[in-house]
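# Architecture at a glance
Given next are the chains, with one letter for each unit.
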Amino acid sequence: WGYPFRKISSELLTADLVFGNLESVISDQGRDLGNLYSFRADERALEGLSAANISIVSVANNHVWDYGKAAYLDTLHNLNKHKISFTGGGTTFEQAHWPTLKQVGDTSIAFLAYTNLIPRNLTTVDSRPSIAYIEKEQLRKDITRAKEFGDVVVVSFHWGEEYKTFHNRYQESMAHLSVDFGADLVVGHHPHVVQDVEKYKGGFIAYSLGNFIFDQNFNDVTSTGLMLRVNIRDKKIYDIKKIPIAFTDTFQPYVID
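Residues numbered from 1 in each chain as written. Predicted model: local features only at pLDDT ≥ 70, side-chain atom pairs only at ≥ 80, totals over all residues. Heavy atoms only, no water.

### Concerning the pattern of salt bridges
Quick note on the threshold: A pairing counts as a salt bridge when a side-chain nitrogen of Lys or Arg comes within 4 Å of a carboxyl oxygen of Asp or Glu. Only DSSP runs of H or I with at least four residues qualify as helices, and only runs of E with at least two residues qualify as strands; both kinds are numbered from the N terminus onward. Here's how the labels work: a residue is buried when its accessible area is under 20% of the maximum for its type, exposed when over 50%, partly exposed in between, all with a 1.4 Å probe on protein chains only.
A complete count under the given rule lists eight salt bridges for this structure. With a closest N to O distance of 3.0 Å, Arg-229 and Glu-11 form a salt bridge. With Arg-229 in strand β14 (residues 224–233) and Glu-11 in helix α1 (residues 9–12), this residue pair connects regions lying 218 residues apart in the sequence. Residue classification places Arg-229 among the partly exposed positions, given a relative accessible area of 25%. Taking the relative accessible area as the measure of exposure, Glu-11 reaches 24% and is therefore partly exposed. Between Lys-201 and Asp-180 there is a salt bridge, with its nearest N and O atoms 3.0 Å apart. One end of the pair, Lys-201, is in the loop between β12 (197–200) and β13 (203–206); the other, Asp-180, is in helix α6 (residues 169–181), and 21 residues separate them in sequence. On the basis of relative accessible area, Lys-201 is assigned to the exposed category, the value being 59%. By relative accessible area, Asp-180 is classed as partly exposed at 39%. Connected through salt bridges with shared partners, the residues Glu-94, Asp-142 and Arg-145 form a single ionic network.

### Considerations on the sheet that holds strand β4 (residues 54–58)
Going by this rule: Any two strands are treated as partners once DSSP identifies two or more bridges connecting them. Axis definition: a line fitted to C-alpha atoms, over the contacting stretch in the case of helices. Angles run 0 to 180 degrees between N-to-C directions.
One open sheet holds the three strands; their spatial order is β1-β4-β5, and the pairing between them is parallel. The two strands at the open ends of the sheet, each matched to only one other strand, are β1 (18–21) and β5 (85–87). Across the sheet, the mean angle from the axis of one strand to that of its neighbour is 25°, orientation sign disregarded. Relative to β5, β4 runs parallel, the two sharing three bridges. Within the sheet, the bridge partner assigned to Ile-56 lies in β5 and is Ser-85.

Okay, structure coming up:
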């Protein structure tokens, strides 16, 4: 279960905190709802995440409902059981939009996550369970609240157009609004390729980090990805470092020298 991370874990273990996007349900429950690609993994896959120092994940993405309600709720249960925090989803709308807090030294980091690639009936105030949807006014409310609890606010978006190597206007609008509302870091995923990284006002934006543990070595842009090393000093992000990665023939990511 640690095999996918074997060539990257030494890098991940140097971090005080590792965050990623979990684009699969982790469950033996539910039924395939008939998507073109449906993802479901054994609970022991979480042993690999834990061994690689991944302690918080986003569940706001377009594959979290591949096997329906039972598998989604079981995924949240299994993450809790393995002591891996999650953000962007929950048993209620309030939990899906409540910031997930992680402490690093004397710095509190608040995580929020959203997607616009999920059926809207799973994202309303009455949804049980719920997934966080990208909406301007809700972003404002959530980020404002997160700033009350966190010294640093991180917003994760599952968005964009697959295989496009530059962000679109919608991504830019939502990312800039997030920083305007108070986010310090915006991190995107879904396009399966790396997109641009920018500094906007006082915040940092990575529009798409591309692939990580995924089997798409079919061209140059899908067979490389990006990690971000985010450095915090005096309870603020003072810089980020882009760490390019590539993949072996068996899809193990490794740092490119």
